[in-house]
Amino acid sequence: MSVPEDNTNSHHRTVPTVFKWEMVRKALKAAEEGVYCWEIEENRIYYTEQCLRMMNWPVETEAPNIFTEAETTIHEEDRSFFLSAVQKYLANPTTSPLRVEVRLLRAGSKGWKWVRVNGLLERDARKQPLRLVGVWVDITRRKMADLHAMEDRDLFRTLIDYLPDNIFFKNRESRFVLVNEATVRKMQVKTPADMIGRRDHNFFSAETAEIARAEELEIMRTGTPILNREYRENWKDRPDTWCRLSKFPWYAADGKVKGIVGIASDVTEMIEREQKYRQMAEELDVKNKILEKAEGDFRRQLEMARRLQRSMLPEAVKPRVWSAGPQSRLERRVNFHHIYQPIEEVAGDFFHVFRVGESGVGMLICDVMGHGVCAAMVASLMRGFMEEAVNLANTPALLLSTLNRSLYNTIAGNNVETTFVTGFYMYLDLQQRRLTVSGAGHPAPMIVTADGRAYMPPLPRSCAMGMNERANYRESEIPLESGMRVILYTDGLVEAENSADDELGFERVLAHLSRHCDEELPQMMENMLSLVMSFTEGAGLKDDLCMLGLEFTEVETPDAES
């Protein structure tokens, strides 16, 4: 049967075929596939137009042989692999076709295409390779999609492995199919692969595992997730722990549920701390009831509480000094002064100043809702919470968030009457020359600049502590300049009332500070107290008053020789 000659390329002879060539050529062109024939003994190769187009090679010239001239046709990273695969195929008698995927260089450019080279070998009577006939298939789009998918998988893997929370995927049988490194550490296995196919029954008690399985079946049945639920984890071979867990349905592309996704964080320390504080609150409640039953003893205990509370406050706060070192005369200093005026034996207002690292200082002022014994007990709790959170001293917003969460959980867990605490925290790093602040429903500090201007910086509004477990606190920076004074205070200052029920207010206090800007910090603050007493016309305070002031200076110390 004769076959019409293909005149696509005059330099290439017709490839034998039993089909009508024009039909085959059109079909291959529509399929974006090209046909080649490599005459091995003659070392000549024949390409159809589609092959030449993939190579970006002119039709009227003879194209190089990809099997013998790989250095000009195959990407350098694929070249060795391609030649090895071809030689292995030619050397081993087989009826299977050659299939190899490579990047095909495009002539006259730096570009390339992904091509799958398929071929079937014909041998002569001596079983020697005679002819390799096959097709090229352009797989660039598929390959690039695979590479993008692989990159997405790598990014996802990197993300979940660096997250501190436990992240896991389970199939419909509640068997693990994917976990992150945090989960590997929690489950105490060596690699993520060691978790694949295992179930909660392999790690937890039967009761804990059965509860988890029942929940997951319900999630897969209804599509309703579990959000931020706290669980006690009863392990097979180690002490119980606590976690905060969320589980969601895991859907396939067709919308069917494949299993569940879980995110968990260990909250054992938080729960144990809450239990400790709950016990403290219960003990305080018992003591308070005892005090209420014995009036005489109550006064004695109250006086003791007053002394204890006063003992927690320093008579004077020592200055914090930082110098740049022996090669520099630069010295930065912060001096403090405070005023504490409760209206009863004990109060809910307090402040705390403490050193942080080699050059930092933390300053906290708080105002507990109400007065008297209850407010003082909450103030004592807040001091305890502060000791637990002291490692967060250089991150004001995170420190306030921790105090808020501890207070909220103590109140909610003990059915304590609703209370809240306003607070303001400042972290001053003398070496970095930075003053970072964050507030929790508390008025902003009053600042007196070196040139005598008194103002309140515009800071973000926030929620008082103890009202919302997930309250969001933000940090701000206050620019430092040598000679500036910063005054923290409770609302007993600006809410002091005269006989006409008129409040002293912020504007009167700021105006007073401007008039007294030349005074030393202690005298300036004592005059603020005098202003309050004068404004109330001798009637005295109706709310606790606490003020903490600081003065920042930066000087060049003289040489020792001078």
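Look up: the structure comes first, before these words.
This is a predicted model, so every value here is computed, not measured. (Residues numbered from 1 in each chain as written. Predicted model: local features only at pLDDT ≥ 70, side-chain atom pairs only at ≥ 80, totals over all residues. Heavy atoms only, no water.)

J.: Outline empty space enclosed by the protein, listing residues and values.
T.: Within the structure shown, the criterion is met by 2 cavities of 30 Å³ or more. In this structure, the second largest cavity is lined by Lys170, Ser174, Arg199, Asp200, His201, Ala209, Ala212, Arg213 and Glu216. Ranked by residue count, the leading element in the lining of the second largest cavity is helix α7 (residues 206-222), at 4 residues. The class makeup of the residues in the lining of the second largest cavity is 2 nonpolar, 2 polar and 5 charged. (1 Å grid on protein atoms, 1.4 Å probe; cavity = no way out; pocket = protein on both sides within 12 Å on 5 of 7 lines; lining within 4 Å. Points joined across faces, edges and corners; volume = space filled by probe spheres on them. Helix = DSSP H or I, 4+ residues; strand = E, 2+ residues; numbered from the N terminus. Nonpolar A, V, L, I, M, F, W, Y, C, P; charged D, E, K, R; others polar.)

J.: Residue-level account of the sheet that holds strand β1 (residues 33-39), with values.
T.: Adjacent strands of a sheet form backbone hydrogen bonds with each other and so pair up, either parallel or antiparallel. Pairing is antiparallel across the open sheet formed by 5 strands, whose spatial order is β2-β1-β5-β4-β3. Either end of the sheet is taken by a strand with one partner, and the two such strands are β2 (44-47) and β3 (98-105). Between one strand and the next, the sheet's axes are offset by a mean angle of 25°, whatever the strand orientation. The pairing of β3 with strand β4 (residues 112-123) spans 8 bridges and is antiparallel. (Pairing = 2+ DSSP bridges. Axes fitted to C-alpha atoms, helices over the stretch in contact; angles between N-to-C directions.)

J.: Break down the packing of aromatic side chains for me, citing the residues and quoting the values.
T.: Under the criterion given, the structure shown has 11 aromatic pairs. Ring geometry for Trp38 versus Phe67: centroids 4.8 Å apart, planes at 5°, classification stacked. In this pair, Trp38 sits in strand β1 while Phe67 sits in the loop between α2 (49-55) and α3 (70-73), placing the two residues 29 residues apart along the sequence. As far as burial versus exposure is concerned, Trp38 and Phe67 are alike and both buried. Accessibility expressed as a relative area gives 5% for Phe67, which makes it buried. An aromatic cluster is defined as three or more aromatic residues linked by ring pairs; in this entry it consists of Tyr36, Trp38, Tyr47, Phe67, Phe82 and Trp136. Directly above the ring of Trp112 sits Arg103, whose terminal nitrogen or CZ lies 5.5 Å from the centroid. (Phe/Tyr/Trp six-rings, centres within 6.5 Å; stacked < 30°, edge-to-face > 60°. Buried < 20%, exposed > 50% of the residue type's maximum accessible area, 1.4 Å probe, protein only. Lys NZ or Arg CZ within 6 Å of the ring centre and 35° of its normal.)

J.: For unusual backbone geometry, give the residues involved together with the corresponding values.
T.: One non-glycine residue with positive phi stands out, namely Asn56, at about 60°. Among the structural elements, Asn56 can be located in the loop between α2 and α3. Of the residues examined, Asn56 reaches a relative accessible area of 35% and is grouped as partly exposed. Not every positive phi belongs to a glycine, and Asp501 is a case in point at roughly 60°. Tracing the sequence through the fold places Asp501 in the loop between β20 (485-489) and α12 (505-515).

J.: Which residues make up helix α4 (residues 76-91), and what values go with them?
T.: For α4, built from 16 residues, the straight-helix expectation of 22 Å at 1.5 Å per residue is met to within 8% by its first-to-last C-alpha distance of 23 Å. For α4, the full list of buried residues reads Asp78, Phe82, Val86, Tyr89 and Leu90. Buried residues of α4 fall within an arc of 95° about the axis and therefore sit on the same side. Residues of α4 that are exposed and angled more than 90 degrees away from the buried face: Ser80, Lys88 and Ala91. Elements in contact with the buried residues of α4: β1, β3, β4 and β5 (129-138). (Expected span 1.5 Å × (residues − 1). Arc of directions from axis to C-beta. Contact = heavy atoms within 4.5 Å.)

J.: I'd like a description of the pairing of strand β14 (residues 360-368), backed by residues and values.
T.: Burial runs high along β14: 9 of the 9 residues are buried. Side chains Gly360, Gly362, Leu364, Cys366 and Val368 project from β14 onto one buried face, and the interleaved Val361, Met363, Ile365 and Asp367 project onto a second face that is buried too. Pairing between strand β13 (residues 349-356) and β14: 8 bridges, direction antiparallel. Of the residues in β14, the one forming a bridge with His352 is Leu364. Taking the residues that link successive antiparallel strands as the turn, the β13-β14 hairpin has 3 residues, and the phi of Gly357 there is positive, at about 60°. When β14 meets strand β15 (residues 421-429), the two strands line up antiparallel, connected through 9 bridges. Looking at β15, one finds that Asp367 is bridged to Thr422.

Treat this as a map of the structure, not an account of what it does.
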